[in-house]
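# Results of the structural survey
If you want the building blocks of each chain, they are given just below.
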Amino acid sequence: MINRLHTVAAVLAGITTSIGSASSPPVTIEGLFTDWSDRPVVQTDPTGDGELDLTTVRITDEPDWLQFLLESPVDFDLSENNELVILIDTDDDASTGLQAEGIGAEVRFVFGDREGRFYAGPTSNPQSGTQIWHGDLSLQSAPTVTSSRFEVALSRKATVGGTPVFTGDTITMVLVDGGGERVPDAGSIRHVFDLTPPSDDRNVSLDRERSDDVRSISWNVLNDNPWDSEESPKFARMIQAIEPDILNLQEIYDHSPNQTRNHFVAWLGETPGDWHAAGNNDCKTISRYPILHSEPLSGNLAVLIDTTDVLGRPLLIFNLHTPCCSNDDGRQWEIDEMLQFLGQVRAGNHDDIPNDVAVQIAGDLNLVGFAQQLESLVDGNIINESEFGPDIAPDVDGSALLDPFPLQTESRLAYTWRNDWSWYWPGRLDVSIISDSVLEPGRQLVLETRRMSAPRLAEHGLQADDSGCSDHLPIICDIRKPSSPAGDLDGNGVVDGGDLGILLAAWHTRSKIVDLSGDGYVNGEDLGLLLADWAE
């Protein structure tokens, strides 16, 4: 999949200049970056003039967001181990705010410290003003792992102590780092907000695309919170709205698999005895389809589900909860262990699991730190080969797996973890990755009720604060038997140049036929899905 993304980026680079002047679709904060390709570069900076070397800055905005893309020649972690500071003059008035770097900055935020200051009045003391955290700015960023590119969004409706942060239609900004970097080298970056009418909001149905789609969820439920008297009704409403067939749950420490099954299935109004359950440590899997086999992998769970009647083959699920925070080595170790197990299955060396089984990797992977962990989940690259053997080909056809990068139902954000009181801003810590050579994805969503409209909440019997029952959000993954390739737009049975021509002709339009990803626009995500089905 990583190679496919590189292919998508290369093709986009070649076509965006020839597509014309169609308006750009809104930016999605998920860590794929294709939607930035036709945003102008507002600032470049030479390489080698600082320890943390930034070379390119792009800026755009929407009515609710200020968004910018930072690019560097090297990988780093935006959320820690750096001294990168952003100064934003939010009223374009050098006489107000913090007098620094030639501007009057109302906002000074240190990314590596994950905190900053808001200056309501003029000052030359950076330690004055009001301390702020990511939540005060509704800061969003992707990816949460190491990268050479980061997209960041700040809310244009942010307030600190009741005072609006952004008060004008123009801002200036400067980026500085303790290692000597300054962008720009002199002066500041100026951006005028686009005041044209906003594009349509994202609004994707929570319902299945097809009634026979198999729906699974992955959800870290936070320390047995479904049994908490205050939180239990929130979980019940969300489970009833989602109507899952398979539940992959994490952080259930004090209840057995059967207790978990009985509790959740009762919310669905069904008979618990008709469902099946397996578990290891805090990982519990509940299924309306029979469980044929399960076994532990460290603190994680491998479970084989009999989905032959609905998917044409059984489904092997890895329900994972890998180590948290700075324990990169521990996360990679458990991922490598899982990949070794999958490699043995693919080689036909497991007595209870067929080698052509469909696969889903789901769970709270705590994806912060090194990007290698996410890459390994998709492409089968084992890092600790002396312990777990060589790399594997994870999908049935020998290809990489598919990471669908699900978005929230009514926002172009992909975070799956949010704690407004934590030092860390929201991030995509959880995944649901599938073997797309034998499975066709349907809806791929993250359910975040705090960003849903009142009509949509009412439609599904939800309340706005229901997602606060856990610090993680449920990932919804619908799958089905493969039909004709999604990218076969001309119906000739293969995905080829004719289909690419149809897609490019509809570029940046709202064509429902060509919008393969269902996000409301024909863009790089749709091109990526088409290329994934490209004829050999």
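### Digging into the overall build of the chain
A count of helical and extended segments in the chain gives 11 helices and 28 strands. Scaling as 2.2 N^0.38, a compact globule of 536 residues should have a C-alpha radius of gyration of about 24 Å, and the chain matches this with 24 Å. Taken along the three principal axes of its C-alpha coordinates, the chain extends 70 × 55 × 55 Å. When the 536 residues of the chain are sorted by exposure, 57% land in the buried category. Of the contacts formed within the chain by residues at least 6 apart in sequence, a portion of 65% connects residues at least 24 apart. About 20,700 Å² of surface is accessible on the chain, with carbon and sulfur atoms providing 47% of the total. Side-chain charges of the chain comprise 34 positive and 88 negative groups, with the mean position of each set lying 6 Å from the other.

### Structural notes on the environment of Gly-427
Within the fold, Gly-427 resides in the loop between strand 25 (407-408) and strand 26 (430-434). For the pair Gly-427 and His-472, spaced 45 residues apart in sequence, the C-alpha separation works out to 9.7 Å. Setting aside residues no more than four positions away along its own chain, Gly-427 makes contact with Thr-144, Tyr-415, Thr-416 and Trp-417.

### A few points about the sheet that holds strand 10 (residues 140-142)
With respect to topology, five strands assemble into an open sheet ordered 1-2-3-11-10, the strand pairing being antiparallel. With partners counted over all chains shown, the strands left at the sheet margins are strand 1 (41-44) and strand 10, one partner each. Strand after strand, the sheet turns through a mean of 20 degrees between neighbouring axes, direction not considered. Pairing of strand 3 (residues 65-76) with strand 11 (residues 147-155), which is carried by eight bridges, proceeds in the antiparallel orientation. Looking across to strand 11, one finds that Leu-66 is bridged to Leu-154.

### Some thoughts on the packing of helix 10 (residues 497-505) against helix 11 (residues 524-532)
When two helices pack together, their arrangement is given by the angle between the helix axes and the distance between those axes. Helix 11 packs onto helix 10 with a crossing angle of 175 degrees between their chain directions and a minimal axis gap of 11 Å. In terms of their interaxial angle, helix 10 and helix 11 are classed as roughly antiparallel. Across from Asp-499, Leu-500 and Leu-503 in helix 10, the residues of helix 11 making contact are Asp-526, Leu-527 and Leu-530.

### What to know about helix 11
Inspection of helix 11 places Gly-524, Asp-526, Leu-527, Gly-528 and Leu-530 among the buried residues, and these make up the whole buried set. The N-terminus of helix 11 is capped by Asn-523, whose side-chain oxygen sits 3.1 Å from the backbone nitrogen of Glu-525.

### So, the sheet that holds strand 21 (residues 291-297)
Across the sheet, five strands lie side by side as 21-22-23-24-26; this open sheet has mixed pairing. In the strand order of this sheet, the two ends are held by strand 21 and strand 26, each with one partner. Averaged over neighbouring strand pairs, the angle between their axes works out to 15 degrees when direction is ignored. Sheet analysis places strand 21 next to strand 22 (residues 300-305), joined by six bridges and oriented antiparallel. Looking at the pairing, Glu-295 lines up with Ala-302 of strand 22. In the packing of helix 6 (residues 328-346) onto the sheet, the strands contacted are strand 21, strand 22, strand 23 (315-321) and strand 24 (358-364), and the crossing angle to strand 23 comes to about 170 degrees. Relative to the sheet, helix 7 (residues 372-379) contacts strand 23, strand 24 and strand 26, its axis offset from that of strand 26 by approximately 20 degrees.

### Things to note about the pairing of strand 4 (residues 85-89)
Most of strand 4 is tucked away: five of the five residues are buried. Side chains of strand 4 alternate between two faces, with Val-85, Leu-87 and Asp-89 and Ile-86 and Ile-88 buried alike. Pairing between strand 4 and strand 7 (residues 107-110): four bridges, direction antiparallel. Looking across to strand 7, one finds that Ile-88 is bridged to Val-107. Sheet topology places strand 4 next to strand 14 (residues 170-176); five bridges connect them, and they run antiparallel. In the sheet register, Val-85 faces strand 14, and the bridge partner there is Val-176.

### Some thoughts on the packing of aromatic side chains
Tallied over the full model, the rule gives 10 aromatic pairs. Geometrically, the ring pair formed by Phe-166 and Phe-193 is edge-to-face, given 6.3 Å between the ring centres and 80 degrees between the ring planes. Pair noted here: Phe-166 is in the loop between strand 13 (163-164) and strand 14 and Phe-193 is in the loop between strand 16 (189-192) and strand 17 (214-220), with a separation of 27 residues, a long-range link. An angle of 90 degrees between the planes, with centres 5.8 Å apart, marks the rings of Phe-318 and Phe-341 as edge-to-face. Of this pair, Phe-318 sits in strand 23 while Phe-341 is found in helix 6, placing the two residues 23 residues apart along the sequence. On the accessibility criterion, Phe-318 (0% relative accessible area) is buried. Taken together, the ring pairs connect Phe-109, Phe-111 and Trp-425 into an aromatic cluster. A cation over an aromatic ring shows up here: Arg-156 above the ring of Phe-193, its NZ or CZ 3.9 Å from the ring centre. Seen from the ring of Phe-405, Arg-428 lies directly overhead, with NZ or CZ sitting 4.1 Å from the centre.

### A word on the side chain of Thr-260
Within the secondary structure, Thr-260 sits in helix 4 (residues 257-267). If sequence neighbours within four positions are ignored, Thr-260 has contacts with Trp-227, Leu-249, Ile-252, His-255, Lys-284 and Ile-286.

### Quick look at the pattern of salt bridges
Within this structure, the stated rule accounts for 24 salt bridges. The shortest N-O distance in the salt bridge between Asp-356 and Arg-313 comes to 3.9 Å. Of this pair, Asp-356 sits in the loop between helix 6 and strand 24 while Arg-313 is found in the loop between helix 5 (308-311) and strand 23, placing the two residues 43 residues apart along the sequence. Overall, the relative accessible area of 35% leaves Asp-356 in the partly exposed class. Counted as one network, the salt bridges with shared partners bring together Glu-209, Arg-210, Asp-213, Glu-440, Arg-443 and Arg-480.

### With respect to unusual backbone geometry
Of note, the amide linkage connecting Ala-142 to Pro-143 takes the cis form, showing an omega dihedral of 0 degrees. Along the polypeptide, Pro-143 turns up in the loop between strand 10 and strand 11. Residue Pro-184 is bonded to the preceding Val-183 through a cis peptide linkage, with omega at 0 degrees. Checked against the element boundaries, Pro-184 lands in the loop between strand 15 (182-183) and strand 16. Phi at Glu-243 takes a positive value of approximately 55 degrees, unusual for a residue other than glycine. By relative accessible area, which is 47% here, Glu-243 ends up partly exposed.

The rules we used
Residues numbered from 1 in each chain as written. Predicted model: local features only at pLDDT ≥ 70, side-chain atom pairs only at ≥ 80, totals over all residues. Heavy atoms only, no water. Helix = DSSP H or I, 4+ residues; strand = E, 2+ residues; numbered from the N terminus. Rg over C-alpha atoms; globule rule 2.2 N^0.38 Å. Buried < 20%, exposed > 50% of the residue type's maximum accessible area, 1.4 Å probe, protein only. Contact = heavy atoms within 4.5 Å. Areas by Shrake-Rupley, 256 points an atom, 1.4 Å probe, with all protein chains shown as cover. Lys, Arg positive; Asp, Glu negative; His and termini not counted. Charge placed at Lys NZ, Arg CZ, Asp CG, Glu CD. Pairing = 2+ DSSP bridges. Axes fitted to C-alpha atoms, helices over the stretch in contact; angles between N-to-C directions. Parallel < 35°, antiparallel > 145°, perpendicular 65-115°, else oblique. Polar contact = N/O pair within 3.5 Å; in protein donor to acceptor, adjacent residues only side chain to side chain. Phe/Tyr/Trp six-rings, centres within 6.5 Å; stacked < 30°, edge-to-face > 60°. Lys NZ or Arg CZ within 6 Å of the ring centre and 35° of its normal. Salt bridge = Lys/Arg side-chain N within 4 Å of Asp/Glu carboxyl O.

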